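A structural walkthrough
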Amino acid sequence: FCFSYGFLLLLLHVLRAVIAQEKNIVSKLGDNATLSCIYKKRDLQLKNLRVYWQLANQEKCAVVHAWMSGRDNNSNQCIHFKNRTQLFWDRLENGDFSLLLLNVSQSDKHTYKCIVQEINERPRVVHHAQVVLSLAASYSQPILSGPIRNSPGEEVTFSCKSGNGYPKPNVYWINKMNNSRLSPSTLNFIPHADGTYSVFSTLTVKATSNMQIECSIENEMLQENLSANYTQQKQSNDPTTEIREKKGKVAQAAVIVSVVILLGLLTILICWLWRRRSSHLVSY
């Protein structure tokens, strides 16, 4: 029993040393992504180590990046990753074998394996890490269109569109008067050749006297939320409003007339003073 227990402890210790440490990272399309692989051990002998980056569950692509005998060896590297991968040379002595993947695209969305081998009499795996790379793209600022003017009770339609994002977003229509969600009338996603999407949605509701509608585009992967707002323009058919507007126009006209009259009187006064001065000079 003691032998079996000791053997199990030894086995668990070995498994803990090589068990895959899976991490999830999100990168934007076109950006550079860093796939983490850190082997924590003191006094590393780099000349005795080999590092392989591979794709998990992929037989066609055997090598993403390889490092051995103190240098890169990408003779068997997949063509898709050619000239797009590199290690951080200033970090290798600290056991940091993270991989920099340049200009990521939709085809880079995979689970990557980092395998570190120690070479003595025969190679043995001393570290194993996995990184799941997910891709995302920010959506453009949504454009919200709605009726310019409407009457209460009239059925009106709003439209909201946004583009060039990934993955498919959540689209929310919100009544800002009470922050309640409204059900969209239509919701369409248009795929593009680069893997991104455009989204177009409409909302049909009955108009109220004070309408405040918001369209929100949420990208959960990037934790981004973009919104556009519509506020109904005030109607001018209110008698009180019309009277106030008329009074304002009358007051404005009265001010303009007063200024004109004042300028006229000032001009007459200046001319009279000038003539009087001129007649005095002639008499002298």
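These figures come from a predicted structure and were not determined experimentally. (Residues numbered from 1 in each chain as written. Predicted model: local features only at pLDDT ≥ 70, side-chain atom pairs only at ≥ 80, totals over all residues. Heavy atoms only, no water.)

Quick look at the sheet that holds strand S17 (residues 224–231) now. What holds strands together in a sheet is hydrogen bonding between their backbones, with the strands either parallel or antiparallel. Pairing is antiparallel in the open sheet, where four strands are placed in the order S13-S12-S16-S17. A single partner strand is all that each edge strand has here, and the edge strands are strand S13 (180–182) and S17. Strand-to-strand twist of the sheet, defined as the mean angle between neighbouring strand axes without regard to direction, takes the value 30°. With eight bridges joining them, strand S16 (residues 212–219) and S17 adopt antiparallel strand pairing. Bridge pairing in S17 places Gln212 opposite Thr231. (Pairing = 2+ DSSP bridges. Helix = DSSP H or I, 4+ residues; strand = E, 2+ residues; numbered from the N terminus. Axes fitted to C-alpha atoms, helices over the stretch in contact; angles between N-to-C directions.)

Turning next to the pairing of strand S3 (residues 49–55). The element S3 is largely enclosed, with a buried count of five among its seven residues. Inspection of the sheet shows S3 paired to strand S8 (residues 111–119) by seven bridges, in the antiparallel sense. When the sheet's bridge partners are listed, Leu55 is paired in S8 with Tyr112. Bridge analysis of S3 against strand S4 (residues 65–68) gives four bridges, and the strand direction is antiparallel. Paired with Val51 across the strands is Trp67, a residue of S4. (Buried < 20%, exposed > 50% of the residue type's maximum accessible area, 1.4 Å probe, protein only.)

Here, UniProt's "transmembrane region" (unreviewed entry) annotation points to residues 253–274. Regarding residues 253–274, the helix share stands at 100% and the strand share at 0%, and the terminal C-alpha atoms are separated by 32 Å. (UniProt positions renumbered as here; feature names shortened; annotations may be inferred.)

By size, the foremost hydrophobic cluster in this structure holds 29 residues, and its most contacted members are Trp53, Phe81, Phe97, Tyr112 and Val116. Excluding anything up to four places from it in sequence, Val116 contacts Cys37, Tyr39, Leu49, Arg50, Val51, Phe97, Arg124, Val125, Val126 and His127. By size, the runner-up hydrophobic cluster in this structure holds 20 residues, among which are Tyr166, Trp173, Leu203 and Ala207. (Core = buried A, V, L, I, M, F, W, Y, C linked by side-chain atoms within 4.5 Å. Contact = heavy atoms within 4.5 Å.)

A separate point is the confidence of the model for the protein. Mean pLDDT over the protein stands at 85; residues scoring 70 or higher make up 84%. Below pLDDT 50 for its whole length, residues 1–19 participates in seven contacts with residues either more than four positions away or in separate chains. (pLDDT = per-residue confidence, 0-100.)

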